[in-house]
Amino acid sequence: NAGVTQTPKFQVLKTGQSMTLQCAQDMNHNSMYWYRQDPGMGLRLIYYSASEGTTDKGEVPNGYNVSRLNKREFSLRLESAAPSQTSVYFCASSEKGGGNEKLFFGSGTQLSVL
Amino acid sequence: EDQVTQSPEALRLQEGESSSLNCSYTVSGLRGLFWYRQDPGKGPEFLFTLYSAGEEKEKERLKATLTKKESFLHITAPKPEDSATYLCAVQAWGTYKYIFGTGTRLKVLA
């Protein structure tokens, strides 16, 4: 019953460093999402992948890149971290991706950029 | 612009004291409205989907209702384990994007 697994759970970076957040789901879902959650802002979509091999920008994509490695895995990369990217990051998946579906979330990565 | 506003931001209840959380929304054609529960340090967990005005759904002490402008999450006789942040999200027709509110932090005191 793993569901959506994210690694790492915590990370501290210095400004300008790069890192990749990993996400994997074992539910055979087609669609995967990356969100960030900031106090007073709600969850905001960074990138979306409707299916293996496709990705689309969300609401706040600047400073991020993604890779849908296969159906299970969807990674988020920060090429040059900035303090504004300090946030909690959530990966999510949904079965079909056609919309109007419940999302399954991972437990999050708390990222601090100093 | 599609928008979701949740109120109150925070709510403290005594165990057994029923109340309601509000989710007001503006969206260009509602495809679905979603309620999630989020515990500290965890990701949101799905509770309900509502599709059209007048629809209601229940799960244990929780009941979600929907009108054309807002949704309510009614909590009947809450227990301390109901303490969490409750998130509302909407999706419009023609998009895969979900618009989330900022949530209501609920604390139920024993």
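A short tour of the structure in this document, coming up.

**Some points on the sheet that holds strand 8 (residues 74-78) of chain A**
Residue and element names in this part refer to chain A.
Next, step 1: In spatial order, the strands read 1-3-8-7; together these four strands make up an open sheet with antiparallel pairing. Lying at the two open borders of the sheet, with one neighbouring strand each, are strand 1 (4-7) and strand 7 (64-68). Within this sheet the neighbouring strands show an average axis-to-axis angle of 15 degrees, counted without direction.
Next, step 2: Bridge analysis of strand 1 against strand 3 (residues 19-25) gives four bridges, and the strand direction is antiparallel. Counted as the bridge partner of V4 is Q25 from strand 3.

**Focus on the state of the cysteines**
Residues and elements named next belong to chain A.
Next, step 1: Within this structure, the stated rule accounts for two disulfides over all chains.
Next, step 2: A sulfur-sulfur separation of 1.9 Å characterises the disulfide bridge that pairs C23 with C91. An S-S torsion of about -75 degrees defines the bridge between C23 and C91 as left-handed. Residue C23 is found in strand 3, and its partner C91 is found in strand 9 (residues 87-94); the two are separated by 68 residues along the sequence.

Rules and cut-offs
Residues numbered from 1 in each chain as written. Chains lettered and ligands numbered in written order. Predicted model: local features only at pLDDT ≥ 70, side-chain atom pairs only at ≥ 80, totals over all residues. Heavy atoms only, no water. Pairing = 2+ DSSP bridges. Helix = DSSP H or I, 4+ residues; strand = E, 2+ residues; numbered from the N terminus. Axes fitted to C-alpha atoms, helices over the stretch in contact; angles between N-to-C directions. Disulfide = S-S within 2.5 Å.

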